[in-house]
Structures are given as C-alpha cells and as structure tokens.
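Summary of structural features
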Amino acid sequence: MEAPPVTVLPVSGGTINMMEYLLQGSVLDQSLESLLHRLRGLCDNMEPDTFVDHEMVFLLKGQQGSPFILRARHSLDRPNAPWHLRYLGQPEVGDKSRHALVRNCVDVAVSHNLTEFLSEMGFRMDHEFVAKGHIFRKGALKVVVCKLYRLLLPGNTESTENLSLSNLVELSMLAPAGQDTVSDDMRNFAEQLKPLVHLEKIDPKRLM
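Residues numbered from 1 in each chain as written. Predicted model: local features only at pLDDT ≥ 70, side-chain atom pairs only at ≥ 80, totals over all residues. Heavy atoms only, no water.

A few points about the pattern of salt bridges
By the definition in use, this model includes 11 salt bridges. Between Glu47 and Arg40 there is a salt bridge whose closest N-O contact spans 3.9 Å. Taking the relative accessible area as the measure of exposure, Arg40 reaches 24% and is therefore partly exposed. The salt bridge involving Arg86 is made with Asp107; its shortest N-O contact spans 3.3 Å. Here Arg86, found in strand β4 (residues 83–88), pairs with Asp107, found in strand β5 (residues 101–110); they are 21 residues apart in sequence, far enough to count as distant. The pair formed by Arg86 and Asp107 is uniform in burial state, with each residue classed as buried. Within this structure, Glu20, Arg86, Arg103 and Asp107 form a network of salt bridges that share partners. (Salt bridge = Lys/Arg side-chain N within 4 Å of Asp/Glu carboxyl O. Buried < 20%, exposed > 50% of the residue type's maximum accessible area, 1.4 Å probe, protein only. Helix = DSSP H or I, 4+ residues; strand = E, 2+ residues; numbered from the N terminus.)

Focus: helix α3 (residues 182–191)
Those residues of α3 that fall on the buried side of the exposure criterion are Val182, Ser183, Met186, Phe189 and Ala190. The arc that holds the buried residues of α3, viewed along the axis, is 120 degrees, so those residues lie on one side. (Arc of directions from axis to C-beta.)

What to know about unusual backbone geometry
Residues Lys194 and Pro195 are joined by a peptide bond in cis, for which omega reads 0 degrees. By the element assignment, Pro195 lies in the segment after α3.

Describing the nonpolar core
Soluble globular proteins: nonpolar side chains tend toward being buried together. Leu39, Leu171 and Phe189 are the most contacted members of the largest nonpolar core, which has 27 residues in total. Elements that contribute at least two residues to this core include exactly β1 (16–28), α1 (32–42), β7 (141–151), β9 (166–175) and α3. In terms of residues, this core owes the most to one element, α1, which gives five residues. Sequence-distant contacts of Phe189, defined by excluding residues within four places in its chain, comprise Leu39, Leu42, Cys43, Lys138, Leu141, Val143 and Leu171. Counting nine residues, the second-largest nonpolar core is a separate cluster that includes Met56, Leu85, Leu114 and Phe123. (Core = buried A, V, L, I, M, F, W, Y, C linked by side-chain atoms within 4.5 Å. Contact = heavy atoms within 4.5 Å.)

Here you go:
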C-alpha cells in the first residue's frame, strides 16, 4: 500500500493541534521565478524564508485496516533546530461547499533521537525525501514553494536527484475546527496566483 501524497510544511517551532486547511498545485521550473515574483508582491514578507528539510515517513501496520503514519522531519540548514514529528489525519473532502481540503494536524517538536524511538515502537521507514524551498506568509496564510528530491542512497542527504521538473506549491492555514470560512480566504488568494499555478482541493484517494 502506498503512503498518502507528500505534504511539505517546513520545520517550525511549537506544538500544534489544529485543523489544517490545504490547497495544492505545482509549477514548472521555467515558471518558478515568475511565481516567486508574484508572491513577493502579494505576501507580507517580500523576501521569503528558505528551508532545506529531510523528511522520513514511518508506518506502523496493525492486524487490520490502513497503517498508522507518522512523519519525522529535521532541518539540514539548521542542524541545531529540534526535530519535528507530525501526524496528519484523514482528509475531509466531501463537503463541496468548502473550498479547501481539511484534516487534523498535530505537530510536535522532539529530540534528535526520534528515529530510534519510532523504530523501538515498531514503526518502519517507508520512504524519505529532501525538500528545499521558500515560505511566504500573508496574515495567517502560509505559502510553501519547494522542490522535492529523492535520496539515491538511503539516509544520505548529500546524494539526491530531482523528483520532477516541477515544484510543489501549497497554500495552507491552521484554524480550530469549524472555521470553514478560512477556505474562502484561501480560494480568493489562490485566484490571484492564476495562471501561474492552479491550486486545488486534491483528494488523496485519487492518487493512491
């Protein structure tokens, strides 16, 4: 069974237990600079934050049903930063009046021995990747534009290759459950990025 599609949110501080509202899309390498220029004009930070993160996806298979999935992530350009453990709940995509995918999101800063702890708990690593990109913010909205890389040798983040000729674009917001009006704000912002990128509510089940 394949893991759910990759979701890239850069490592940040604190602990989060909120609902994540999400729109996703992609932009070709040749159009990347045009999109970054557009985002500099629309967002609060004209010069975006940058990140280079290594993420590992761990599975714990039970007797029945789908495996339990956790994501371990750490910063390669800030080695002293804490690791992060993320759990992403099942997406709620059935409400057609809601313009964004919604799912529970738990994000916890943890110590550097996270992978050893997960192995002791019975988890096994399913896949890993490196994400390198930019973070823009517009109020509570976060825009992540990044390139994904596969590791040519397991665990060796110095040896990578591009996954594709495009860049992942994610527009997200964290809010308490029930605040679906934030999806309207996200749709309005996404409209301003067309035709450079078309951000959509993507059902992960379509990709499995």
